[in-house]
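Residues per chain are reported as follows:
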Amino acid sequence: MFTNAQLKALLLPLLLEQFLSVSMGLFHTVMVSGVGEAAVSSVSLVDSLNVLIIQILSALATGGAVVASQYLGRKDKKNAQLSAAQLFSVLIMLTVSFGLLCILLCRLILRTVFGSIEAHVMHYAEIYFYISAVSYPFIGLYNAGAALFRAKGDSKISMKASLVMNVVNIVGNAVLIYVFHLEVLGAAIATLIGRILAAIWVTAQLQRRDNPLRIASLADLKPNFSIAHRILAIGIPAGIENGMFQIGKLCVSSLTSTLGTSAIAANAVANSVSTLANIPGNTMSLATIPVIGQCLGAGEKKQAQRYSVTLLGIAITGLAVTNAALFFLMPEVVTWFNLSAEASAMCTHVVHWFNLFSIFFWATSFTLPNALRAGGDAKFTMSVSIVSMWLFRVILSYIFVLQFHLGLTGVWFGMFIDWICRSLCFLVRFARGKWMEHKVI
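As a starting point, this report considers the structure included with it. Here, residues in each chain are numbered from 1, in the same order as that chain's written sequence. Owing to the predicted nature of the model, reporting of local features is limited to residues with pLDDT of at least 70; listing and counting of side-chain atom pairs is limited to 80 or more, with chain, interface and lining totals taken over all residues. Just so you know, side-chain values use all the structure's heavy atoms and leave hydrogens and water out.

Let us now look at the environment of M93. Helix numbering and strand numbering both begin at the N terminus, where a helix is a DSSP run of H or I of at least 4 residues and a strand a DSSP run of E of at least 2. Inspection of the secondary structure assignment puts M93 in helix α3 (residues 77-104). The spatial distance from the C-alpha of M93 to the C-alpha of P137 is 8.6 Å, given a sequence separation of 44 residues.

Put into structure tokens, the structure is as follows:
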């Protein structure tokens with residue numbers, strides 16, 4: 001169903017988009033770290049909450065993308081358009097609700113999740129969380145538009161939107177942090193402006209008359225329970241999966257926050273740096289939804305299997321290259337950040353372990369399940385992810401830290417064991433083929 005030229009046209013913009021997103025995120029962390037460890041620690045803590053919200057929205061967008069891609073594979077333009085409109089309706093309602101809730105309960109949420117952290121870290125965290133909450137509706141619109149463009153195999157638009165968002169963010173950081181000395185407030189405002197512009201641009205592109213997924217009329221935004229149910233049947237399990245995953249990470253963040261500001265800062269930088277190595281895996285994860293979705297929508301199960309294996313193989317190969325490079329470059333990379341000697345040593349140590357485990361287990365943990373989701377097997381991926389997350393990543397992290405006193409390394413080893421469990425379950429499910437038997441449309 002896809003020529004090599006079509007796959008290349010899909011994959012290369014996605015690869016560039018991921019590189020832009022990750023590298024700009026890294027620059028963002030570098031700039032904030034210039035304010036001090038308290039600033040980078042506060043942004044890291046709040047971003048763990050932001051990621052919770054964004055991952056839930058992204059999961060719902062994935063549900064819309066799966067449904068739209070299958071309709072496109074079936075050549076059903078009318079229902080493809082309607083599914084796009086319903087995705088926007090769902091995300092608009094949810095993002096406005098999330099944003100208002102976080103603004104009203106900002107301090108309570110931070111105190112509940114992170115407990116007793118140093119006063120200056122909490123001060124920065126409150127500022128960053130307020131502004132972040134205002135941006136939720138815009139990141140929701142961006143996610144919806146980007147997911148729909150990918151669903152039809154056009155990844156250039158989401159790449160350009162990502163470029164707009166990240167360049168504005170970095171330029172804004174440079175001006176607001178270093179020129180106007182707004183510190184964390186400047187970083188938050190720059191992020192907000194970038195998300196607003198990206199949302200406006202991708203929504204405008206979606207409405208071009210030659211786009212088969214454009215919203216044809218405002219009437220299509222009214223609730224359509226049949227289409228919405230198809231989207232939510234995939235989006236809700238994926239949202240619960242992502243939500244529980246991020247809540248588990250928040251529990252681990254609470255554990256990390258007890259290890260001191262140096263450990264929080266080291267963990268924040270390690271998380272940012274490790275995303276560089278994950279670029280090939282994330283790229284293939286995004287590509288899997290439209291490719292497998294369109295194959296299954298057209299009834300081509302053998303091609304769906306073949307493309308799944310191909311994309312997984314590309315992901316593993318790419319991860320081997322990027323992780324090997326980061327392993328050897330890490331002693332130099334860590335010097336980019338304004339970390340203490342203790343934090344630098346902790347950061348380098350955990351990233352080296354990350355590189356080794358990522359090569360063998362990241363793609364089968366996170367790229368492969370997107371093939372299952374594209375086939376409507378979202379409940380299985382949800383169940384495996386939740387059980388593995390809480391049993392291994394959360395509980396084992398606490399055991400490693402509190403009982404074996406492994407510090408930050410213990411937190412990361414809980415994550416690695418979680419990856420191994422996920423990989424085994426998803427590989428068995430994929431090999432049996434049951435993931436292709438679900439009726440999505």
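Following the structure, the description resumes.
Any aromatic ring pair is given by two values, namely how distant the centres are and how the planes are angled relative to each other. Pairing of aromatic side chains requires ring centres within 6.5 Å, counting the rings of Phe and Tyr and the six-membered ring of Trp. Pairs whose planes differ by under 30 degrees are stacked, by over 60 edge-to-face, and all others tilted. Counted according to the given criterion, the structure contains 16 aromatic pairs. Look at W362 and F366: their rings are 5.0 Å apart centre to centre, the planes differ by 40 degrees, and that puts the pair in the tilted class. Of the two residues, W362 and F366 are both situated in helix α12 (residues 341-366); the distance of 4 residues between them amounts to about one turn of the helix. Summary of the burial criterion: residues with accessible area below 20% of their type's maximum are buried, those above 50% are exposed, and those between are partly exposed, where the area comes from a 1.4 Å probe applied to protein chains only. Residue classification places W362 among the buried positions, given a relative accessible area of 7%. Centre to centre, the rings of F416 and W419 are 5.5 Å apart; their planes meet at 65 degrees, and the pair counts as edge-to-face. Taken as a pair, F416 and W419 lie in helix α15 (residues 408-432) at a separation of 3 residues, close to a single helical turn.

Moving on, we come to unusual backbone geometry. You will see that H181, though not glycine, has its phi angle at about 55 degrees, which is positive. Mapped onto the elements, H181 comes out in the loop between α6 (156-179) and α7 (183-206). Even without a glycine there, the phi angle at H405 is positive, about 55 degrees. Residue position: H405 is located in the loop between α14 (378-403) and α15. For H405, a relative accessible area of 65% gives the class exposed.

Looking now at the pattern of salt bridges. Any Lys or Arg side-chain nitrogen found within 4 Å of a carboxyl oxygen on Asp or Glu counts as a salt bridge. Under the criterion given, the structure shown has 9 salt bridges. With a shortest N-O distance of 2.4 Å, E241 and R373 are connected by a salt bridge. One end of the pair, E241, is in helix α8 (residues 225-257); the other, R373, is in helix α13 (residues 368-374), with 132 residues separating them in the sequence. R373 shares its class with E241; the two are buried. Beyond isolated ion pairs, a larger network of salt bridges with shared partners links R393, D418 and R422.

Okay, the packing of helix α9 (residues 261-277) against helix α11 (residues 301-333) next. For any two helices packed against each other, one specifies the inter-axial angle together with the distance between the axes. Between α9 and α11, whose axes approach to 8 Å, the crossing angle comes to 140 degrees. Classified by the angle between their axes, α9 and α11 sit oblique to one another. At the point where α9 passes α11, the crossing takes the right-handed sense. In this structure, α9 uses V273, S274, L276 and A277 to contact α11, whose residues at the interface are L319, T322, N323, L326, M330 and V333. For helices, the fitted axis covers only the stretch in contact; all axes are lines through C-alpha atoms, and the angles between them, taken along N-to-C directions, range from 0 to 180 degrees. In this scheme, roughly parallel covers angles under 35 degrees and roughly antiparallel covers those over 145, while 65 to 115 is roughly perpendicular and the rest are oblique. A crossing counts as left-handed when the near helix is turned anticlockwise from the far one by less than a right angle, and as right-handed when that turn is clockwise. Contacts were defined at the residue level, with two residues in contact if any of their heavy atoms lie within 4.5 Å.

Moving on, we come to the nonpolar core. Counting residues in hydrophobic clusters, the biggest one holds 135 residues, and the most contacted among them are L110, F129, I292, W412 and W435. No other element matches helix α2 (residues 37-73), which puts 20 residues into this core. Dropping the residues within four chain positions of it, F129 is found in contact with V46, L49, N50, C102, C106, I109, L110 and Y136. Grouping buried Ala, Val, Leu, Ile, Met, Phe, Trp, Tyr and Cys residues that are joined through side-chain atoms within 4.5 Å yields what is termed a nonpolar core.

To continue, consider a nonpolar patch on the surface. Residues L163, V167, V171, V175, Y178, V179, F180, L182 and L185 make up a contiguous nonpolar surface patch of about 740 Å² in total accessible area. For the nonpolar patch, the element with the most residues is α6, which contributes 6 residues. Accessibility expressed as a relative area gives 48% for V171, which makes it partly exposed. Nonpolar side chains (Val, Leu, Ile, Met, Phe, Trp, Tyr) are joined into patches within 5 Å and like charges within 9 Å, using only residues with over 30% relative accessible area and no salt bridge. Only the protein chains shown count as covering a residue, and every accessible area follows the Shrake-Rupley method with a 1.4 Å probe.

Attention now moves to the environment of A228. Structurally, the position occupied by A228 is in helix α8. Along the sequence, A228 and A174 sit 54 residues apart, while their C-alpha atoms lie 42 Å from each other.

Time to look at α14. Compared with an ideal rise of 1.5 Å per residue, which puts 26 residues at 38 Å, α14 spans 35 Å between its outermost C-alpha atoms and is within 8% of the ideal. One fitted axis covers the seven residues ending at a residue, a second covers the seven starting there, and the bend at that residue is the angle between these axes. Its axis deflected by about 35 degrees at M389, α14 carries its strongest bend there. Directly after α14, the chain includes H405, whose backbone phi takes a positive value near 55 degrees. Expected helix span is computed as 1.5 Å times (number of residues minus one).

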